[in-house]
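# Remarks on the overall topology
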Amino acid sequence: MTTGGVSGAQSGTATPTASPTGTLESPVPYGMFPGVPDWILDLGAVVVVLAVAYFASRLVVLVFGRRIARRFQRPSLTRTAIRGIRGAVFLIALLSILRIYGLKLSDISLSVAVFSAVVGVVIAPVVGSIVSGVFLLADQPYEIGDMIELSDTDTRGFVEDITLRYTKIFTLDNTFIVIPNGTIRERDVVNYSAEDPRTRLRLDITVTYEGDLDEARRIVERSARQVDAVIEGGPDIRVGAARYPAAPTCYINSFADHGVQLTLRYWVDEPYKLLATRSKVQTNVWAALEDADVEIAYPHSHLHFDDTSGQMRVAMEEGAPDDPSPDPDRDGPV
């Protein structure tokens, strides 16, 4: 039976109708735009939703970004939280887009076989990497900006970014490496700048027994202090329960075969130029010992012959044949 009045389409307003499956049709008010195809209206609504989501995510980050940074006080956690906020905003936008096309979460289903294949092939590695990223952020083995080294490959660089799935590293050779968190958690990582960026280096020097040993130690320590990146002195440096002198120190390590082995230990205030600092220290030590009454020992051997060493005949005659003449003292025919 038809009642009086006008219908929703005639009055210019959209009336949602039920589909045969029980779900509602698109809520876009098609009656407001007569003559415009439905797919164009749906596409325009999707564009509007995405634009609103984009600007809403930027607004939320702008408003709460500083508060999040002060709350976590770690760049990696701050970036992860901001990415989570943006992801939540775009997830709401995705649900809105599905609603525009008349879909519900209950309408999106997969068969058991297809779902198992997707979980085994795609979702499982992603979930495993995300779980590793969560543990990585919780354990805090390194932070954004730290200088780290992968001991198995001798790769050294700076941590550029840490996400839930991977870690980005810029090496000292200006190359870019992306390592999955599940892989990097299984490797030995050396952190040169965690908590305290000061790093201790050592240099082994062997001097001859004939030189002035005390003078050699003073020269080596003074040569290290003359390098800008080396800590000249100050309060002792604490490492765990131990304390070490901040100034360069030269110890007698051992009395070796070819000389006295000295060991220089010194601290560098920045870990970013370890190779350059080590080279400058060795250059200063070499030049200072060369000018002093101290000689750097080097491996050498002496051959000593006595009456029990046997005899060897050597012919040094001009024009002698290539084959040596037979030895008359040997047994056999001459």
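Residues numbered from 1 in each chain as written. Predicted model: local features only at pLDDT ≥ 70, side-chain atom pairs only at ≥ 80, totals over all residues. Heavy atoms only, no water.

## Regarding the pairing of strand 4 (residues 176-180)
For clarity, the cut-off: Each pair of strands is called paired provided DSSP finds at least two bridges between the two strands. A helix here means a DSSP run of H or I that spans at least four residues, while a strand means a run of E at least two residues long, and both kinds are numbered starting from the N terminus.
Relative to strand 4, strand 3 (residues 166-171) is paired through 5 bridges, and the arrangement is antiparallel. Following the sheet pairing, Ile 169 is matched in strand 4 by Ile 177. Adjacent in sequence and paired antiparallel, strand 3 and strand 4 are bridged by 4 residues, among which Asn 174 carries a positive phi angle near 65°.

## Re the sheet that holds strand 6 (residues 199-207)
What counts here: Note on definitions: angles span 0 to 180 degrees between N-to-C directions of axes, and those axes are lines fitted to C-alpha atoms, for helices only across the stretch in contact. Residue contacts are counted whenever heavy atoms from the two residues lie within 4.5 Å of one another.
The sheet built from 3 strands is open, its strands ordered 6-10-9 with antiparallel pairing. Each having just a single partner strand, strand 6 and strand 9 (249-255) make up the two edges of the open sheet. Within the sheet, the average angular offset between the axes of one strand and its neighbour, ignoring direction, is 25°. With 9 bridges joining them, strand 6 and strand 10 (residues 260-268) adopt antiparallel strand pairing. Residue pairing for strand 10: Leu 201 is matched across the bridge by Tyr 266. Strands strand 6 and strand 10 of the sheet are contacted by helix 7 (residues 274-291), whose axis makes an angle of about 30° with strand 6.

## Digging into the pairing of strand 9
As defined by bridge partners, strand 9 adjoins strand 10 across 6 bridges and the pair is classed as antiparallel. Residue pairing in the sheet places Tyr 251 in a bridge with Thr 263 of strand 10. The turn joining strand 9 and strand 10, which pair antiparallel and follow one another in sequence, is formed by 4 residues.

## Focus: the packing of helix 2 (residues 38-72) against helix 3 (residues 75-100)
Heads up, the rule is: Roughly parallel means an angle under 35 degrees; roughly antiparallel means over 145; roughly perpendicular covers 65 to 115; every other angle is labelled oblique. Rotating anticlockwise by less than a right angle from the far helix to the near helix defines a left-handed crossing, while the corresponding clockwise rotation defines a right-handed one. Each residue gets one of three labels, nonpolar for Ala, Val, Leu, Ile, Met, Phe, Trp, Tyr, Cys and Pro, charged for Asp, Glu, Lys and Arg, and polar for the others, Gly among them.
For the pair helix 2 and helix 3, the least separation of the axes is 8 Å and the interaxial angle reads 160°. Taken together, the axes of helix 2 and helix 3 lie roughly antiparallel to each other. Considering only the axes of helix 2 and helix 3, their crossing is right-handed. For the contact of helix 2 with helix 3, the residue count by class is 21 nonpolar, 3 polar and 2 charged.

## Comments concerning helix 6 (residues 213-225)
Quick reminder of the rule: The span one expects for a helix is its residue count, reduced by one, times 1.5 Å. The term polar contact refers here to a pair of N or O atoms within 3.5 Å; inside protein, the definition further demands a hydrogen-donor-capable atom paired with an acceptor-capable atom, and it admits residues adjacent in sequence only when both atoms are side-chain atoms.
Here helix 6 is 13 residues long and its end C-alpha atoms lie 19 Å apart, about the 18 Å a rise of 1.5 Å per residue gives. Buried residues in helix 6 make contact with strand 6, strand 9, strand 10 and helix 7. One side-chain oxygen at the N-terminal end of helix 6 lies 3.4 Å from the backbone nitrogen of Asp 214; it belongs to Asp 212.

## Quick notes on helix 3
Going by this rule: Exposure classes here rest on a 1.4 Å probe applied to the protein chains alone. A residue is buried below 20% of its type maximum, exposed above 50%, and partly exposed in between.
Between its first and last C-alpha, helix 3 extends 38 Å over 26 residues, near the 38 Å set by a 1.5 Å rise per residue. All of the buried residues along helix 3 are Ser 76, Thr 78, Thr 80, Ile 82, Val 89, Ala 93, Ile 97, Leu 98 and Ile 100.

## What to know about the packing of aromatic side chains
So the rule is basically this: In this scheme Phe, Tyr and Trp rings, the latter by its six-membered ring, pair at centre separations within 6.5 Å, and the angle between planes marks the pair as stacked below 30 degrees, edge-to-face above 60, and tilted otherwise.
Counted by the stated rule, this structure contains 3 aromatic pairs. On the basis of an interplanar angle of 75° and a centroid distance of 5.3 Å, the ring pair of Tyr 54 and Phe 55 is categorised as edge-to-face. Residue Tyr 54 is classed as partly exposed on the basis of its relative accessible area, which comes to 40%. Relative to Phe 176, the ring of Phe 170 has its centre 4.8 Å away and its plane inclined at 55°; by these criteria the two rings are tilted.

Just geometry here; none of it tells us what the structure is for.
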